[in-house]
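Listed below, chain by chain, are the residues.
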Amino acid sequence: MTTIDDVARLAGVSTATVSRALRGLPTVSETTRIRVLLAAEQLDYTVSPSASRLAGGKTGTVAVIVPRITPWFVGAVVEAAEEVLHAAGYDLLLYNIGGREHARTRLLHKSNLPKRVDAVMLVATPMRADDLATIASLALPGVTVSSGTVVPGWPSIRIDDQAAGRTATEHLLHLGHRRIACVWGDPDEEFGHPAHLERHRGYREALGAAGISPDPRLDIEVRADAEGGRAAIERLIAQGELPTAIFANGDELAMGVLIALRMAGVRVPQQVSVIGIDDHDLAGAFGLTTVAQPAAEQGRLAAGTLLGPLAGRARTGEEPDPVILPARLVVRGSTGPAREN
């Protein structure tokens, strides 16, 4: 069986140079690259990813740190990122740290991460201030995706969550709604996230611009999932009169809201309109009006930003500007004109 050593001998270069040439890295001259490719073709050699990685002193692996593996957004980002990285010859190593303190401590302080991976991607994972120094000390290239954390020197990919919350609320206001509830994930809850707070700010901003004072009884903080949406409706029903519209600041919350309303015999949107944020894969099946964020595109862009540093191309010393992708309103059947009072 032909090995990378055979190609190196025929081409008159080191095995590390063969590895770099066959992976298309920019640190090999065109003359040398052609010589290596001709030698590989002559010997009918097919590159072995594991051998190439060892020769180059790299692991060929990217760490992807997530809070949970179950949320739709996390799955969509990771799947899209994996497609890009796999095409470039890299594997993913998934770290699901959740709210488990021991998992976070083990990953950042005891896992010897720099010897296991070549780069790090933070997906929807806020980091505490005392973690940032540890992350910086890893001396690895990285990127954040909707993480709520700014890591010095790392690019970030996200949407403008405050603008998304404002867009959702303005849609309801344009339909004539004035009693609009906000059901949102508690950012201090175990799996909370700063995006919930930003979307809530957008809600309040839109109400203020319309001359509406927020009603604290319509401001419901719950766990950011379908069960939280169900619990929010129970609280609103217990208060008496329902609002004419509900902004749930995540689609999974909104789905729980829809299910609970329908179980309570409340017609959507004739009696109560509902809007979310995300454009979850099931949003269309639920007929949910939402503000769509491009989750897969965020994953692809994040992976793409790592390919340069992984190939040995150093970034400039300037702090990278965040990449903020646009969100768009998708109107379906869960919103309609305000009912007559």
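How each quantity is defined
Residues numbered from 1 in each chain as written. Predicted model: local features only at pLDDT ≥ 70, side-chain atom pairs only at ≥ 80, totals over all residues. Heavy atoms only, no water. Phe/Tyr/Trp six-rings, centres within 6.5 Å; stacked < 30°, edge-to-face > 60°. Helix = DSSP H or I, 4+ residues; strand = E, 2+ residues; numbered from the N terminus. Buried < 20%, exposed > 50% of the residue type's maximum accessible area, 1.4 Å probe, protein only. Patch = residues over 30% accessible without salt bridge, like charges linked within 9 Å, V, L, I, M, F, W, Y side chains within 5 Å. Areas by Shrake-Rupley, 256 points an atom, 1.4 Å probe, with all protein chains shown as cover. Salt bridge = Lys/Arg side-chain N within 4 Å of Asp/Glu carboxyl O. Lys, Arg positive; Asp, Glu negative; His and termini not counted. Charge placed at Lys NZ, Arg CZ, Asp CG, Glu CD. Polar contact = N/O pair within 3.5 Å; in protein donor to acceptor, adjacent residues only side chain to side chain. Contact = heavy atoms within 4.5 Å. Core = buried A, V, L, I, M, F, W, Y, C linked by side-chain atoms within 4.5 Å.

**Re the packing of aromatic side chains**
Aromatic ring pairs are defined here through the distance separating the ring centres and the angle between the ring planes.
(1) Moving on: According to the stated counting rule, one finds 1 aromatic pair in the structure shown.
(2) Moving on: Aromatic pair Tyr 203 and Phe 247: ring centres 6.3 Å apart, planes at 40°, arrangement tilted. Placement of the pair is Tyr 203 in helix 9 (residues 194–209) and Phe 247 in strand 8 (residues 245–248), with a sequence separation of 44 residues.
(3) Moving on: Since its relative accessible area comes to 1%, Tyr 203 is described here as buried.

**With respect to a negative patch on the surface**
(1) Moving on: Together, Glu 79, Glu 82, Glu 83 and Asp 281 give the surface a local cluster of negative charge.
(2) Moving on: Here Asp 281 lies in the loop between strand 9 (273–278) and helix 12 (283–286).

**Here we look at the side chain of Thr 125**
(1) Moving on: Assignment of secondary structure puts Thr 125 in the loop between strand 3 (119–123) and helix 7 (129–137).
(2) Moving on: A distance of 3.1 Å separates the side chain of Thr 125 from the backbone oxygen of Ile 65, its partner in a polar contact.
(3) Moving on: Polar side-chain contacts of Thr 125 include one of 2.7 Å to the backbone oxygen of Val 123.
(4) Moving on: When near neighbours in sequence (up to four residues on either side) are disregarded, Thr 125 contacts Ile 65, Val 66, Pro 67, Ile 97, Ser 146, Ser 147, Thr 149 and His 193.

**Let's talk about the environment of Gly 284**
(1) Moving on: Relative to the elements of secondary structure, Gly 284 occurs in helix 12.
(2) Moving on: Using a relative accessible area of 44% as the deciding quantity, one classes Gly 284 as partly exposed.
(3) Moving on: Residues Gly 284 and Val 331, 47 residues apart in the sequence, show an inter-C-alpha distance of 10.0 Å.

**Observations regarding the nonpolar core**
(1) Moving on: Ranked by internal contacts, the top residues of the largest apolar core, which has 25 residues, are Phe 73, Met 121, Val 123, Val 145, Leu 306 and Leu 310.
(2) Moving on: Within the residue set of this core, elements represented by two or more residues are strand 1 (61–66), helix 5 (72–87), strand 3, strand 4 (142–145) and helix 13 (295–310).
(3) Moving on: Each residue touching Met 121, except ones within four places of it in the same chain, is listed here: Ala 63, Val 64, Ile 65, Ala 81, Val 143, Val 145, Ala 302, Ala 303 and Leu 306.
(4) Moving on: Judged by nonpolar contacts, the second largest core, of 23 residues, contains Leu 242, Ala 254, Leu 258 and Val 266.

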